[in-house]
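One letter stands for each residue in the lines below.
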Amino acid sequence: MTGDRQHGGLPMIGYYVHHQGRGHLHRALAVAEHCSTPVTVLSSLERPDHWQAEWVELPRDDTPARSDDTTAHGRLHWVPVHHAGLRTRMSTVSAWIERRRPTLLVSDVSVEVTLLARLLGVPVVAVAMRGDRRDPAHELAYDIADALLAPWPAALPEPGWPDHWTKKTLWTGGFSRFDHRLHRHPHHPRTVLLMLGAGGHDITEAQIDAARDATPNWHWQVLGGPAGWTPDPWPVLTSAEVIVTHGGQNAIAECAAARRPTIVLPQDRPYHEQHATARALQHAGLAVVVPDGWPAPERWPGLLARAAAHDGRRWARYAPGDGAERAAHALERLASDRAPVPA
(Lines give C-alpha, C1' and ligand atoms only; values in the text may rest on other atoms or scores of the structure.)
Protein backbone atom coordinates (compact mmCIF):
# COMPACT_ATOMS: atom_id res chain seq x y z
CA MET A 1 0.00 0.00 0.00
CA THR A 2 1.28 3.47 -0.84
CA GLY A 3 0.58 6.86 0.65
CA ASP A 4 0.25 7.94 4.25
CA ARG A 5 -3.47 7.47 4.87
CA GLN A 6 -6.09 4.80 4.43
CA HIS A 7 -8.76 6.35 2.19
CA GLY A 8 -12.28 5.40 1.27
CA GLY A 9 -13.05 3.15 4.23
CA LEU A 10 -11.04 0.23 2.81
CA PRO A 11 -10.31 -2.53 5.34
CA MET A 12 -6.85 -2.58 6.87
CA ILE A 13 -5.51 -4.66 9.75
CA GLY A 14 -2.84 -3.74 12.27
CA TYR A 15 -1.26 -6.71 14.05
CA TYR A 16 0.65 -6.15 17.29
CA VAL A 17 3.20 -8.92 18.00
CA HIS A 18 4.78 -9.30 21.45
CA HIS A 19 8.53 -9.80 21.50
CA GLN A 20 8.74 -12.61 24.09
CA GLY A 21 9.75 -15.89 22.41
CA ARG A 22 8.84 -16.54 18.78
CA GLY A 23 5.36 -18.00 19.08
CA HIS A 24 3.47 -14.70 18.73
CA LEU A 25 5.45 -13.86 15.59
CA HIS A 26 4.97 -17.27 13.98
CA ARG A 27 1.24 -17.09 14.65
CA ALA A 28 0.92 -13.61 13.14
CA LEU A 29 2.86 -14.54 10.01
CA ALA A 30 0.78 -17.68 9.52
CA VAL A 31 -2.44 -15.64 9.67
CA ALA A 32 -1.16 -12.79 7.49
CA GLU A 33 -0.17 -15.25 4.77
CA HIS A 34 -3.87 -15.97 4.20
CA CYS A 35 -5.09 -12.36 4.31
CA SER A 36 -5.91 -10.45 1.15
CA THR A 37 -6.56 -7.40 3.33
CA PRO A 38 -3.40 -5.33 3.94
CA VAL A 39 -1.73 -6.26 7.25
CA THR A 40 0.82 -4.12 9.10
CA VAL A 41 2.83 -5.68 11.92
CA LEU A 42 3.82 -3.57 14.94
CA SER A 43 6.51 -5.18 17.08
CA SER A 44 9.85 -4.84 18.83
CA LEU A 45 11.06 -7.91 16.98
CA GLU A 46 13.19 -7.54 13.88
CA ARG A 47 11.37 -7.61 10.59
CA PRO A 48 11.76 -11.04 8.94
CA ASP A 49 13.60 -10.98 5.63
CA HIS A 50 10.64 -12.42 3.73
CA TRP A 51 8.08 -9.91 5.07
CA GLN A 52 7.16 -7.55 2.23
CA ALA A 53 4.41 -5.46 3.82
CA GLU A 54 4.68 -2.58 6.28
CA TRP A 55 6.48 -3.32 9.55
CA VAL A 56 6.48 -0.77 12.38
CA GLU A 57 9.41 -1.29 14.74
CA LEU A 58 8.57 -0.43 18.33
CA PRO A 59 11.11 0.44 21.03
CA ARG A 60 11.37 -1.95 23.97
CA ASP A 61 9.61 -1.01 27.18
CA ASP A 62 11.54 -3.46 29.37
CA THR A 63 15.11 -2.27 28.79
CA PRO A 64 16.38 -0.91 31.02
CA ALA A 65 14.20 -2.77 33.48
CA ARG A 66 12.11 -0.55 35.77
CA SER A 67 10.26 -1.63 38.88
CA ASP A 68 8.40 1.61 39.60
CA ASP A 69 4.68 0.78 39.71
CA THR A 70 4.75 -1.36 36.55
CA THR A 71 1.09 -2.44 36.98
CA ALA A 72 -0.64 0.88 37.76
CA HIS A 73 -1.68 -0.42 41.17
CA GLY A 74 -2.66 -3.83 39.78
CA ARG A 75 -4.93 -2.55 37.01
CA LEU A 76 -2.56 -3.10 34.07
CA HIS A 77 0.33 -5.45 33.29
CA TRP A 78 3.35 -3.40 32.25
CA VAL A 79 3.43 0.39 32.43
CA PRO A 80 6.64 1.41 34.26
CA VAL A 81 6.51 5.10 35.16
CA HIS A 82 8.81 7.58 33.41
CA HIS A 83 10.11 4.92 31.03
CA ALA A 84 11.22 6.46 27.74
CA GLY A 85 10.79 3.19 25.85
CA LEU A 86 7.18 2.82 26.98
CA ARG A 87 6.40 6.44 26.14
CA THR A 88 7.90 6.24 22.65
CA ARG A 89 6.38 2.81 22.06
CA MET A 90 2.85 3.99 22.76
CA SER A 91 3.27 7.24 20.84
CA THR A 92 4.56 5.26 17.84
CA VAL A 93 1.46 3.04 17.89
CA SER A 94 -0.79 6.10 18.24
CA ALA A 95 0.94 7.93 15.40
CA TRP A 96 0.62 4.89 13.14
CA ILE A 97 -3.10 4.59 13.92
CA GLU A 98 -3.61 8.27 13.11
CA ARG A 99 -1.63 7.98 9.89
CA ARG A 100 -2.96 4.66 8.58
CA ARG A 101 -6.40 4.58 10.20
CA PRO A 102 -6.74 0.77 10.44
CA THR A 103 -10.21 -0.72 10.54
CA LEU A 104 -9.10 -3.46 12.97
CA LEU A 105 -6.18 -4.09 15.31
CA VAL A 106 -5.15 -7.56 16.51
CA SER A 107 -3.33 -7.68 19.84
CA ASP A 108 -1.08 -10.72 20.36
CA VAL A 109 -0.69 -9.95 23.16
CA SER A 110 -0.77 -6.75 25.20
CA VAL A 111 -3.46 -5.40 27.48
CA GLU A 112 -1.98 -1.93 27.08
CA VAL A 113 -1.97 -1.96 23.26
CA THR A 114 -5.50 -3.39 23.29
CA LEU A 115 -6.66 -0.54 25.50
CA LEU A 116 -4.75 2.13 23.56
CA ALA A 117 -6.22 1.10 20.21
CA ARG A 118 -9.75 0.98 21.60
CA LEU A 119 -9.30 4.41 23.24
CA LEU A 120 -8.39 5.69 19.77
CA GLY A 121 -11.60 4.25 18.36
CA VAL A 122 -10.14 1.20 16.62
CA PRO A 123 -12.00 -2.12 16.96
CA VAL A 124 -9.73 -4.72 18.56
CA VAL A 125 -9.36 -8.49 18.50
CA ALA A 126 -7.44 -9.85 21.48
CA VAL A 127 -5.64 -13.15 20.97
CA ALA A 128 -6.78 -15.22 23.94
CA MET A 129 -4.49 -17.12 26.25
CA ARG A 130 -5.28 -20.09 28.44
CA GLY A 131 -4.93 -19.96 32.20
CA ASP A 132 -6.46 -17.80 34.92
CA ARG A 133 -7.26 -14.55 33.11
CA ARG A 134 -9.71 -13.13 35.64
CA ASP A 135 -7.25 -10.52 36.94
CA PRO A 136 -8.37 -6.89 36.48
CA ALA A 137 -6.05 -6.21 33.51
CA HIS A 138 -7.07 -9.25 31.49
CA GLU A 139 -10.74 -8.75 32.32
CA LEU A 140 -10.51 -5.19 31.02
CA ALA A 141 -8.83 -6.23 27.76
CA TYR A 142 -11.11 -9.19 27.10
CA ASP A 143 -14.22 -7.19 28.00
CA ILE A 144 -13.51 -4.29 25.64
CA ALA A 145 -12.31 -6.43 22.72
CA ASP A 146 -14.71 -6.85 19.83
CA ALA A 147 -13.68 -10.49 19.63
CA LEU A 148 -11.32 -13.01 21.21
CA LEU A 149 -9.27 -15.21 18.91
CA ALA A 150 -8.72 -18.59 20.58
CA PRO A 151 -6.08 -20.72 18.80
CA TRP A 152 -7.47 -23.97 20.17
CA PRO A 153 -10.61 -25.98 19.36
CA ALA A 154 -14.02 -25.12 20.76
CA ALA A 155 -14.25 -28.73 21.96
CA LEU A 156 -11.52 -27.92 24.51
CA PRO A 157 -12.74 -24.64 26.05
CA GLU A 158 -10.96 -22.86 28.86
CA PRO A 159 -13.02 -23.44 32.01
CA GLY A 160 -14.35 -20.51 33.97
CA TRP A 161 -14.80 -18.03 31.14
CA PRO A 162 -17.85 -15.76 31.50
CA ASP A 163 -20.55 -16.11 28.87
CA HIS A 164 -19.84 -12.72 27.29
CA TRP A 165 -16.28 -13.83 26.47
CA THR A 166 -17.39 -17.17 25.05
CA LYS A 167 -20.05 -15.56 22.87
CA LYS A 168 -17.50 -13.41 21.04
CA THR A 169 -14.76 -16.03 20.74
CA LEU A 170 -13.40 -17.06 17.35
CA TRP A 171 -12.39 -20.71 17.74
CA THR A 172 -9.82 -21.64 15.10
CA GLY A 173 -8.19 -24.77 16.43
CA GLY A 174 -4.45 -24.83 16.87
CA PHE A 175 -2.36 -23.58 13.98
CA SER A 176 1.29 -23.00 13.19
CA ARG A 177 3.68 -21.98 10.43
CA PHE A 178 3.96 -25.65 9.43
CA ASP A 179 0.33 -26.47 8.74
CA HIS A 180 0.84 -26.88 4.99
CA ARG A 181 4.30 -28.45 5.05
CA LEU A 182 4.48 -31.96 3.64
CA HIS A 183 5.52 -34.85 5.84
CA ARG A 184 8.49 -35.89 3.72
CA HIS A 185 10.50 -37.34 6.58
CA PRO A 186 9.40 -40.76 7.89
CA HIS A 187 9.95 -41.03 11.62
CA HIS A 188 13.03 -42.77 12.94
CA PRO A 189 12.23 -45.37 15.61
CA ARG A 190 13.44 -44.70 19.15
CA THR A 191 14.34 -41.08 18.54
CA VAL A 192 13.45 -38.25 20.93
CA LEU A 193 13.31 -34.58 20.03
CA LEU A 194 13.54 -32.23 23.01
CA MET A 195 12.20 -28.88 21.80
CA LEU A 196 12.94 -26.06 24.25
CA GLY A 197 12.12 -23.02 22.09
CA ALA A 198 13.14 -19.38 22.61
CA GLY A 199 10.79 -18.29 25.40
CA GLY A 200 12.92 -19.41 28.33
CA HIS A 201 12.98 -22.66 30.34
CA ASP A 202 14.26 -24.11 33.60
CA ILE A 203 15.76 -27.35 32.26
CA THR A 204 19.47 -27.89 32.82
CA GLU A 205 22.02 -29.73 30.68
CA ALA A 206 22.64 -32.06 33.61
CA GLN A 207 18.98 -33.08 33.63
CA ILE A 208 19.05 -33.75 29.89
CA ASP A 209 22.22 -35.84 30.23
CA ALA A 210 20.64 -37.86 33.04
CA ALA A 211 17.59 -38.58 30.89
CA ARG A 212 19.86 -39.71 28.04
CA ASP A 213 21.78 -42.02 30.36
CA ALA A 214 18.53 -43.53 31.65
CA THR A 215 17.32 -44.32 28.11
CA PRO A 216 20.33 -45.84 26.31
CA ASN A 217 18.13 -47.36 23.60
CA TRP A 218 16.82 -43.95 22.56
CA HIS A 219 18.64 -41.28 20.57
CA TRP A 220 18.05 -37.72 21.87
CA GLN A 221 18.25 -34.50 19.88
CA VAL A 222 17.82 -31.02 21.40
CA LEU A 223 16.46 -27.88 19.73
CA GLY A 224 16.62 -24.52 21.47
CA GLY A 225 18.11 -23.85 24.88
CA PRO A 226 21.76 -24.94 25.03
CA ALA A 227 21.55 -26.27 21.46
CA GLY A 228 20.73 -22.83 20.05
CA TRP A 229 17.88 -21.57 17.88
CA THR A 230 16.90 -23.58 14.77
CA PRO A 231 14.98 -21.54 12.16
CA ASP A 232 13.34 -24.59 10.55
CA PRO A 233 12.78 -27.55 12.90
CA TRP A 234 10.24 -29.21 10.61
CA PRO A 235 12.45 -32.09 9.36
CA VAL A 236 13.40 -33.17 12.89
CA LEU A 237 9.85 -32.60 14.19
CA THR A 238 8.37 -34.99 11.66
CA SER A 239 11.15 -37.59 11.88
CA ALA A 240 11.20 -37.99 15.68
CA GLU A 241 9.30 -40.89 17.19
CA VAL A 242 8.51 -38.84 20.31
CA ILE A 243 8.68 -35.08 20.89
CA VAL A 244 9.25 -33.65 24.37
CA THR A 245 8.34 -30.00 24.77
CA HIS A 246 6.93 -27.32 27.05
CA GLY A 247 3.29 -26.22 27.08
CA GLY A 248 3.50 -23.03 25.02
CA GLN A 249 0.70 -22.62 22.49
CA ASN A 250 3.02 -22.36 19.50
CA ALA A 251 5.14 -25.36 20.48
CA ILE A 252 2.01 -27.48 20.94
CA ALA A 253 0.63 -26.32 17.59
CA GLU A 254 3.88 -27.33 15.86
CA CYS A 255 3.81 -30.77 17.48
CA ALA A 256 0.20 -31.11 16.35
CA ALA A 257 1.09 -30.13 12.79
CA ALA A 258 3.84 -32.76 12.79
CA ARG A 259 1.30 -35.35 14.03
CA ARG A 260 3.92 -36.87 16.34
CA PRO A 261 3.39 -38.39 19.81
CA THR A 262 4.32 -35.79 22.41
CA ILE A 263 5.29 -35.50 26.05
CA VAL A 264 4.35 -32.09 27.47
CA LEU A 265 6.28 -30.64 30.41
CA PRO A 266 4.44 -27.39 31.26
CA GLN A 267 6.71 -24.63 32.53
CA ASP A 268 5.75 -22.18 35.25
CA ARG A 269 4.37 -19.08 33.56
CA PRO A 270 2.22 -16.16 34.73
CA TYR A 271 -1.47 -17.06 35.01
CA HIS A 272 -0.57 -20.80 34.80
CA GLU A 273 -0.97 -20.71 31.04
CA GLN A 274 1.13 -23.74 30.16
CA HIS A 275 -0.40 -25.90 32.88
CA ALA A 276 -3.88 -24.98 31.62
CA THR A 277 -2.91 -26.03 28.08
CA ALA A 278 -1.42 -29.27 29.39
CA ARG A 279 -4.60 -30.08 31.33
CA ALA A 280 -6.70 -29.62 28.18
CA LEU A 281 -4.42 -31.93 26.22
CA GLN A 282 -4.43 -34.54 28.96
CA HIS A 283 -8.23 -34.39 29.22
CA ALA A 284 -8.48 -35.04 25.47
CA GLY A 285 -5.89 -37.82 25.55
CA LEU A 286 -3.72 -36.02 23.00
CA ALA A 287 -0.40 -36.06 24.84
CA VAL A 288 1.43 -37.54 27.81
CA VAL A 289 1.55 -34.75 30.40
CA VAL A 290 4.03 -34.45 33.27
CA PRO A 291 2.75 -31.50 35.34
CA ASP A 292 5.27 -31.65 38.18
CA GLY A 293 8.51 -30.62 36.48
CA TRP A 294 11.35 -32.45 34.76
CA PRO A 295 10.98 -36.20 35.48
CA ALA A 296 13.50 -38.15 37.49
CA PRO A 297 15.78 -40.28 35.27
CA GLU A 298 14.11 -43.57 36.18
CA ARG A 299 10.75 -42.30 34.89
CA TRP A 300 11.93 -41.64 31.35
CA PRO A 301 11.81 -45.19 29.92
CA GLY A 302 8.14 -45.57 30.88
CA LEU A 303 7.20 -42.08 29.70
CA LEU A 304 8.77 -42.59 26.28
CA ALA A 305 7.09 -45.98 25.92
CA ARG A 306 3.69 -44.49 26.83
CA ALA A 307 4.11 -41.64 24.39
CA ALA A 308 5.30 -43.86 21.55
CA ALA A 309 2.07 -45.87 21.87
CA HIS A 310 0.01 -42.76 21.01
CA ASP A 311 -1.40 -42.35 17.54
CA GLY A 312 -0.08 -38.97 16.38
CA ARG A 313 -2.94 -38.64 13.88
CA ARG A 314 -5.23 -37.82 16.81
CA TRP A 315 -3.66 -34.37 16.83
CA ALA A 316 -6.09 -33.53 14.00
CA ARG A 317 -8.72 -33.06 16.72
CA TYR A 318 -6.68 -30.18 18.09
CA ALA A 319 -5.20 -28.71 14.90
CA PRO A 320 -7.26 -29.59 11.81
CA GLY A 321 -4.78 -27.87 9.49
CA ASP A 322 -6.76 -24.81 8.43
CA GLY A 323 -6.69 -22.77 11.63
CA ALA A 324 -4.66 -19.91 10.14
CA GLU A 325 -7.10 -19.61 7.24
CA ARG A 326 -10.02 -19.59 9.66
CA ALA A 327 -8.37 -16.84 11.67
CA ALA A 328 -7.55 -14.79 8.57
CA HIS A 329 -11.08 -15.03 7.18
CA ALA A 330 -12.63 -14.11 10.54
CA LEU A 331 -10.34 -11.09 10.92
CA GLU A 332 -11.05 -9.93 7.38
CA ARG A 333 -14.79 -10.15 8.00
CA LEU A 334 -14.44 -8.08 11.15
CA ALA A 335 -12.17 -5.55 9.42
CA SER A 336 -14.69 -5.20 6.59
CA ASP A 337 -17.73 -5.03 8.88
CA ARG A 338 -16.15 -2.36 11.07
CA ALA A 339 -14.76 -0.24 8.24
CA PRO A 340 -16.09 3.34 8.28
CA VAL A 341 -18.66 4.30 5.68
CA PRO A 342 -17.09 6.86 3.26
CA ALA A 343 -18.58 10.30 3.63
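A few points on the structure.

What counts as what
Residues numbered from 1 in each chain as written. Predicted model: local features only at pLDDT ≥ 70, side-chain atom pairs only at ≥ 80, totals over all residues. Heavy atoms only, no water. Pairing = 2+ DSSP bridges. Helix = DSSP H or I, 4+ residues; strand = E, 2+ residues; numbered from the N terminus. Contact = heavy atoms within 4.5 Å. Axes fitted to C-alpha atoms, helices over the stretch in contact; angles between N-to-C directions. Buried < 20%, exposed > 50% of the residue type's maximum accessible area, 1.4 Å probe, protein only. Core = buried A, V, L, I, M, F, W, Y, C linked by side-chain atoms within 4.5 Å. Phe/Tyr/Trp six-rings, centres within 6.5 Å; stacked < 30°, edge-to-face > 60°. Lys NZ or Arg CZ within 6 Å of the ring centre and 35° of its normal.

**Digging into the sheet that holds strand β11 (residues 262-264)**
With parallel pairing, 5 strands are arranged side by side in an open sheet as β9-β8-β10-β11-β12. Single-partner strands in this sheet number two, and they are β9 (219-223) and β12 (288-289). Helix α10 (residues 300-308) contacts β8 (188-195), β9, β10 (240-245), β11 and β12 of the sheet and is inclined by roughly 115 degrees relative to β10.

**A short note on the sheet that holds strand β7 (residues 169-171)**
With respect to topology, 7 strands assemble into an open sheet ordered β3-β2-β1-β4-β5-β6-β7, the strand pairing being parallel. Looking at which strands have only one partner, the edges of the open sheet turn out to be β3 (55-57) and β7. Sheet twist, expressed as the mean angle between neighbouring strand axes with direction ignored, is 20 degrees. Bridging between strand β1 (residues 13-17) and strand β2 (residues 39-43) involves 5 bridges; their strand directions are parallel.

**Focus on the pairing of strand β4 (residues 104-108)**
Side chains on a regular strand alternate between the two faces of the sheet. Taken across its 5 residues, β4 has 5 buried, putting it largely inside the fold. Neither face of β4 is left uncovered, since the one carrying L104, V106 and D108 and the one carrying L105 and S107 both have all their residues buried. The pairing of β1 with β4 spans 5 bridges and is classified as parallel. The partner of I13 across the bridge, within β4, is L104.

**Some details on the nonpolar core**
Y142, L148, L237, L281, W315 and Y318 are the most contacted members of the largest nonpolar core, which has 56 residues in total. Among the elements that line this core, the one with the most residues is helix α8 (residues 249-258), at 6 residues. Counting residues in hydrophobic clusters, the runner-up holds 27 residues, among them Y15, C35, V127 and A147.

**Considerations on the packing of aromatic side chains**
Counted by the stated rule, this structure contains 10 aromatic pairs. On the basis of an interplanar angle of 35 degrees and a centroid distance of 5.0 Å, the ring pair of F178 and W234 is categorised as tilted. Taken as a pair, F178 in the loop between β7 and β8 and W234 in helix α7 (residues 234-239) lie far apart in primary sequence, 56 residues in all. The buried category is assigned to W234, whose relative accessible area is 1%. Through a chain of ring-to-ring contacts, the aromatic side chains of Y142, W152, W161, W165 and W171 assemble into a single cluster. Against the face of W152 rests R130, its NZ or CZ located 4.3 Å from the ring centre. Above the face of the W165 ring, R134 is positioned so that its terminal group lies 5.4 Å from the ring centre.

**What to know about unusual backbone geometry**
In this structure, the amide linkage connecting T63 to the following residue, P64, adopts the cis form with an omega of -10 degrees. Position of P64 relative to the elements: it lies in the loop between β3 and α2 (84-100). Following D108, the chain continues into V109 via a peptide bond in cis, with omega recorded as -15 degrees. When you line up the elements, V109 lands in the loop between β4 and α3 (111-119). Here the phi dihedral of H73 falls at roughly 60 degrees; this positive angle occurs in a residue that is not glycine. Tracing the chain through its elements places H73 in the loop between β3 and α2. Backbone geometry places Y271, a non-glycine residue, at a positive phi of 70 degrees. Following the sequence through the fold, Y271 ends up in the loop between β11 and α9 (273-284).

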